[in-house]
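Tertiary structure, described
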Protein chains: 2
Amino acid sequence: MRYEKFLAGRANWVKGSALAEVMKKAAELRARGKELISLSAGDPDPNLIPREILGELAREVLSNVPASVMYTPANGIPELREEISRFLERYEGYKVSPEDIIITVGGTGALDLLGRILIDPGDAVITENPSYINTLLAFEQLGAKIYGVPVDGEGMRVDLLEEKLRELRAKGVKVKFIYTIPTGQNPMGVTMSHERRKALLEIASEHDLLIVEDSAYNFMRYEGEATPLKAMDDEGRVIVAGTLSKVLGTGFRVGWVIAHGEVKQKILMEKSPIDFCAPTISQYIALEYLRRGYFEEYHLKRGLLGYKEKRDVMLSALEENLPDAEFTRPIAGMFVMFFLPSGADGMAFASELMEKKGVVVVPGGPFYTDESGKNAIRLNFSRPGKEEIEEGIKRLAELYREKF
Amino acid sequence: MRYEKFLAGRANWVKGSALAEVMKKAAELRARGKELISLSAGDPDPNLIPREILGELAREVLSNVPASVMYTPANGIPELREEISRFLERYEGYKVSPEDIIITVGGTGALDLLGRILIDPGDAVITENPSYINTLLAFEQLGAKIYGVPVDGEGMRVDLLEEKLRELRAKGVKVKFIYTIPTGQNPMGVTMSHERRKALLEIASEHDLLIVEDSAYNFMRYEGEATPLKAMDDEGRVIVAGTLSKVLGTGFRVGWVIAHGEVKQKILMEKSPIDFCAPTISQYIALEYLRRGYFEEYHLKRGLLGYKEKRDVMLSALEENLPDAEFTRPIAGMFVMFFLPSGADGMAFASELMEKKGVVVVPGGPFYTDESGKNAIRLNFSRPGKEEIEEGIKRLAELYREKF
C-alpha cells in the first residue's frame, strides 16, 4: 500500500536525513562487528552517574509509593516542582514559584511544547547560527521560519542580532521569540559573555520579544561565570527550557518549562493531550535525587570534575595533534566545534573518518541555518573515556593531514 | 507582562477547560482536607500492579546496564521492539516486524505523533462519538476537523459511518483517517462486534482511508472476543497506537505505533525533535517484565481478575441502586458510561455530586463531538477499591433520586 497521499505537508526531511545517514551508517558498521570510537553522542557518561543509587531510589519508590506507577498531573508532581524551585534558587540564582514550573518529557519535550504554543506557521524565530538541530527541526515542523544569528567565542553576535531584527522589521516580518543556548551552546560549545547577555535582554525589551533560554548545559560548567538570562530578567521576557538530562542521564526524560501568565496557562491546557505527563518514575527518582543532596554529592563534587578532565584531554589532544586547526574551547557543555579548512565538506569527512578510521563524529553543517558551516564537525567529550578521546583525536588528525 | 500576543492561534480551550474545572475543584477540595471517592481516574489499580517486582527490575537495570540512563534510538530499544513483536503475535494474533514498531511516550505520545504526521490543518478525521477527549483535543490542536459517528452497544455505528462518508464526499471534504478504540472504548466502555469490525475494514478499503486503531484497552478484556482490527487487516490500512499503560501503570509512558512504509519513515524522521525517545528506564522495565513472563503471571492470572471483580461490583451496584437508569455494560476497559435522564446536565450533576456527596466523576459531555452527550457521566471502576465503588454508586444514586 502507498501511504504518501495520507501524509501531512509539514516536515523537513532534509536536515534530519543528513545527520540520520551518518548515525545509520555507524549503527550498520557496529552491527557488522566493527569497533568504533564515538565522539558523537549528546549523552553524559553513564559511569559518572550514580546508577546504583538511582536504582535503589527507583526500587524504594516503586515499592512504597503507589502513585509512582500512575499518571501525574500534567504539570508534574508538586513535590518535584517545589524541589526544583529550591534547586534553581540555589544553583541558578533566581526565585520562581513552583506554580510556574511545568515538568516536561525532557528538555526536548519542553522546547517542542513551547514551539507548539508560540509558533503559528510562517512566524519568524531567531536562533543562534548554528543551533541545536532538534530544536530547529521541531520549530520548522511547526511552520517557523528560522533566522540565524552568527556565534563567536562570546556567544551570539548581539550586534548582528540587532541588525537582523531591524532588517526583518523593515520587511514586515513578525518575530515571535529568540531561542538561545547561552551556556555551553550545542553545537558550538561556547558560553555567552555577561555583556552580551545584558545586551540580548535589552534588545528583546526594545523589540518586545520573548526569549526562550535553553539551559540544558547550565549544570555542566567547568569554570568561569554564566549568570542565567532568567536571573537577569526583570520583565518576564525569558521563558526557560531546563532539564536534568545531563546530570541524571538523558534517558529519564525529566525537563521543565518556566513560564508565567498566559504562556503558562496555554501550556497547561495543551500539554495533557500531547504527552499526558512526564514519566512518573523518572520524576520520583529526580525528586529523591535532589531532596537527598545527591546533586551536590555526586554531580558537583565528582561528575563535573570527570567531565572537566575529559574536556582537557580533548583540547590537549587537538592542540598537540592539530596545532594549526581551528576549534572552540568550551568552559561549559559537552561539545567542541572543530573546523576543517574553509570549503571542505564536513559530511564527507565524517563519513570517511568513520569508514577508514573507525571514529564517529557529527557533521556540523545540519546545525546551521544557512550554508556557512559545511566545514564544521561537532566533537563530544562527555560520553567517551579519556583514552577514546585521545585515540579518536589522533585518528581524526591523521585523516585531516591526509586530506588537507 | 501580557503574553497573549505571543501565543499561537491553534488550540481548543473550551473542551479541555470544562473537564479541567471539575478536576481542579476536586484537587481544591482535597487540599482543604475533604475526603473524596474518585470514580474519575483513567488509571489502573496500583495494588494490582506488581510494584515490588517492577522496583527490583528498575534497580537491576540501572545498576547493571550503563545504557539504561542514556538516550535510546528514537524508535526504541531494539530488544523491546522484538519482545513486543512476540507479545503481539501471542496475545493480539498478528505478526508484525520489530522494524515496524516504534516505541513512543505512552499511547498519548503515539496518537499525537500520528496526528502530527497525518493531519494538515483543515483535514477531516472520523472518530467515534463520543471518543477519548485527549485524542480529540490533540487532533484539533493540529487543525483537524472532527466528524463523530455515533456508538451503540456494539461499537461504532458503521451504517452511519458509511452515510457520513458519502455525505462528506459529496461536500468535497477530504477524510484522512478513521480513529477508533474498538475494544473497551473510552469513554463508552463498549466493544465493537466482529461484524462491525469487518464492515469497518471494508468501508475503509472502499473509501481508501487509513484506520488508526487505539488498542489501549486490549489487555483489559474480561470476557467475550475482540479480534484486533490489525489482525483482520489485509491491506495495511490499520495503524496501531498501543500501550502498556494499563498493564504496567500509566506513569511509565511506554506505548507504540505500528506503521509501515512512508508512514513509518515519516514518523522516524519527525519523532526525534519532538520527544527524542521514550523514557529509557521505563523501556527496560517493560522489556524485562515481558521477557520474564510477568505479563502472564501478574496481569493475566491476577490483575485481570481483580478488574473484572470491580466491574461486576460497579454493575451490580448500579443495577441495585438505579434499576431503571441507562448505563453501558463493558466486557473490556475501565469505564461505564452512565446516562442521566435526557436533557439533564452532566456537568452540573458532576459538580453537585462532588460537593454534596464527595464523589468525583467525569462529565461525559466533553467527550462528544457534538451536543448529544450532555447527560452522560463517565464512571471508572479500575482504580477505586470495591468498597469505594459501592459507596460511590450509592451516593450517586441518592443524588440521582433527589434530582430526577
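Residues numbered from 1 in each chain as written. Chains lettered and ligands numbered in written order. Predicted model: local features only at pLDDT ≥ 70, side-chain atom pairs only at ≥ 80, totals over all residues. Heavy atoms only, no water.

Identification of chain A as Alanine glyoxylate aminotransferase from Thermococcus pacificus is taken from an unreviewed UniProt entry. Taken from UniProt, the Sequence similarities (unreviewed entry) comment for chain A reads in full: "Belongs to the class-I pyridoxal-phosphate-dependent aminotransferase family." (UniProt positions renumbered as here; feature names shortened; annotations may be inferred.)

Residue and element names in this part refer to chain B. Tracing the sequence through the fold places Thr180 in strand S6 (residues 175–180). Since its relative accessible area comes to 0%, Thr180 is described here as buried. A polar contact is formed between the side chain of Thr180 and the side chain of Glu128, at a distance of 2.4 Å. (Helix = DSSP H or I, 4+ residues; strand = E, 2+ residues; numbered from the N terminus. Buried < 20%, exposed > 50% of the residue type's maximum accessible area, 1.4 Å probe, protein only. Polar contact = N/O pair within 3.5 Å; in protein donor to acceptor, adjacent residues only side chain to side chain.)

Right, let's get into the environment of Glu163 of chain A. Mapped onto the elements of the fold, Glu163 of chain A is located in helix H6 (residues 158–170). Between the C-alpha atoms of Glu163 of chain A and Phe252 of chain A, which are 89 residues apart in sequence, the distance is 40 Å.

A separate point is the packing of aromatic side chains. All names here are of chain B. Under the counting rule described, the total for this entry stands at 30 aromatic pairs over all chains. Aromatic pair Tyr71 and Phe276: ring centres 3.8 Å apart, planes at 10°, arrangement stacked. Of this pair, Tyr71 sits in the loop between helix H2 (51–64) and helix H3 (78–91) while Phe276 is found in the loop between helix H9 (261–275) and helix H10 (280–291), placing the two residues 205 residues apart along the sequence. Relative accessible area serves as the criterion here: at 17%, Tyr71 is assigned to the buried category. Exposure remark for Phe276: the relative accessible area of 16% places this residue in the buried category. (Phe/Tyr/Trp six-rings, centres within 6.5 Å; stacked < 30°, edge-to-face > 60°.)

Looking now at a negative patch on the surface. Together, Glu320, Glu387, Glu388 and Glu390 of chain A make up a region of like negative charge exposed at the surface. With 3 residues, helix H13 (residues 386–403) of chain A is the single largest residue contributor to the negative patch. (Patch = residues over 30% accessible without salt bridge, like charges linked within 9 Å, V, L, I, M, F, W, Y side chains within 5 Å. Areas by Shrake-Rupley, 256 points an atom, 1.4 Å probe, with all protein chains shown as cover. Salt bridge = Lys/Arg side-chain N within 4 Å of Asp/Glu carboxyl O. Lys, Arg positive; Asp, Glu negative; His and termini not counted. Charge placed at Lys NZ, Arg CZ, Asp CG, Glu CD.)

A few words on unusual backbone geometry. Here the residue pair Asn186 of chain A and Pro187 of chain A is connected by a cis peptide bond, since its omega of 15° sits within 30 degrees of zero. Within the secondary structure, Pro187 of chain A is located in the loop between strand S6 (175–180) and helix H7 (194–207). With phi around 60°, Phe276 of chain A is a residue other than glycine that occupies positive phi space. With a phi angle near 55°, Asp208 of chain B is a residue other than glycine that sits in the positive phi range. With respect to the helices and strands, Asp208 of chain B occurs in the loop between helix H7 (194–206) and strand S7 (210–214).

Bringing the nonpolar core into the picture now. By size, the foremost hydrophobic cluster in this structure holds 117 residues, and its most contacted members are Trp256 of chain A together with Leu54 and Trp256 of chain B. Not counting residues within four places of it along the chain, the set of residues in contact with Leu54 of chain B comprises Leu62 and Val69 of chain A together with Ile49, Leu248, Phe252, Ile285 and Tyr289 of chain B. (Core = buried A, V, L, I, M, F, W, Y, C linked by side-chain atoms within 4.5 Å. Contact = heavy atoms within 4.5 Å.)

The subject of this paragraph is the sheet that holds strand S5 (residues 155–156) of chain B. All names here are of chain B. Read from one edge of the open sheet, 8 strands run S2-S9-S8-S7-S6-S3-S4-S5, paired in mixed fashion. At either margin of the open sheet sits one strand with a lone partner, and together these are strand S2 (101–105) and S5. Alignment of S6 against S7, held across 4 bridges, turns out to be parallel. Its bridge partner lying in S7, Ile178 is registered against Ile211. Packing against the sheet, H3 makes contact with S2 and strand S9 (254–258), and its axis sits at approximately 105° to S2. Most of the contacts of H9 go to S2, to which it runs at about 25°, and overall it touches S2, strand S8 (238–243) and S9. (Pairing = 2+ DSSP bridges. Axes fitted to C-alpha atoms, helices over the stretch in contact; angles between N-to-C directions.)

In the structure shown here, the tally under the stated rule is 0 disulfides over all chains. Note on Cys277 of chain A: no disulfide assigned, nearest cysteine sulfur contributed by Cys277 of chain B at a separation of 16 Å. Of the residues examined, Cys277 of chain A reaches a relative accessible area of 0% and is grouped as buried. (Disulfide = S-S within 2.5 Å.)

Right, let's talk about the pairing of S2 of chain B for a bit. Residues and elements named next belong to chain B. Most of S2 is tucked away: 5 of the 5 residues are buried. Pairing of S2 with S9, which is carried by 5 bridges, proceeds in the antiparallel orientation. Bridged to Thr104 within S9 is Gly255.

Let us look at the packing of helix H4 (residues 106–118) of chain A against H9 of chain B. A packed helix pair is summarised by two numbers, namely the angle formed by the two axes and the spacing between the axes. Close contact between H4 of chain A and H9 of chain B brings their axes to 6 Å; oriented N to C, the two are set at 100°. In terms of their interaxial angle, H4 of chain A and H9 of chain B are classed as roughly perpendicular. Residue-level contacts link Thr108, Gly109 and Asp112 of chain A of H4 of chain A to Ser272, Pro273, Ile274 and Asp275 of chain B of H9 of chain B. (Parallel < 35°, antiparallel > 145°, perpendicular 65-115°, else oblique.)

Let us look at the relation of the copies chain A and chain B. With an RMSD of 0.0 Å, chain A superimposes on chain B once it is rotated by 180° and translated 0.0 Å along the axis. These values place the two chain copies in the arrangement generated by a two-fold rotation axis. When the interface residues of chain A are mapped onto chain B, 100% of them again lie at the interface, so the same face is used by both copies. (Least-squares fit on C-alpha atoms with pLDDT ≥ 70 in both.)

As a further point, take helix H5 (residues 133–141) of chain A. Of all 9 residues making up H5 of chain A, 9 are buried, and the element is well covered by its neighbours. Of all the positions in H5 of chain A, only Ile133, Asn134, Thr135, Leu136, Leu137, Ala138, Phe139, Glu140 and Gln141 of chain A are classed as buried.

Residues and elements named next belong to chain A. Look at helix H3 (residues 78–91) against helix H10 (residues 280–291): their axes get within 9 Å of each other, and the N-to-C directions meet at 40°. For the element pair H3 / H10, the angle class is oblique. Taken as a pair, H3 and H10 cross one another with a handedness that is left-handed. Side by side, H3 and H10 meet where Glu79, Leu80, Glu83, Ile84 and Phe87 of the first sit next to Gln283, Ala286, Leu287, Leu290 and Arg291 of the second. (Left-handed = near helix turned anticlockwise from the far one by under 90°.)

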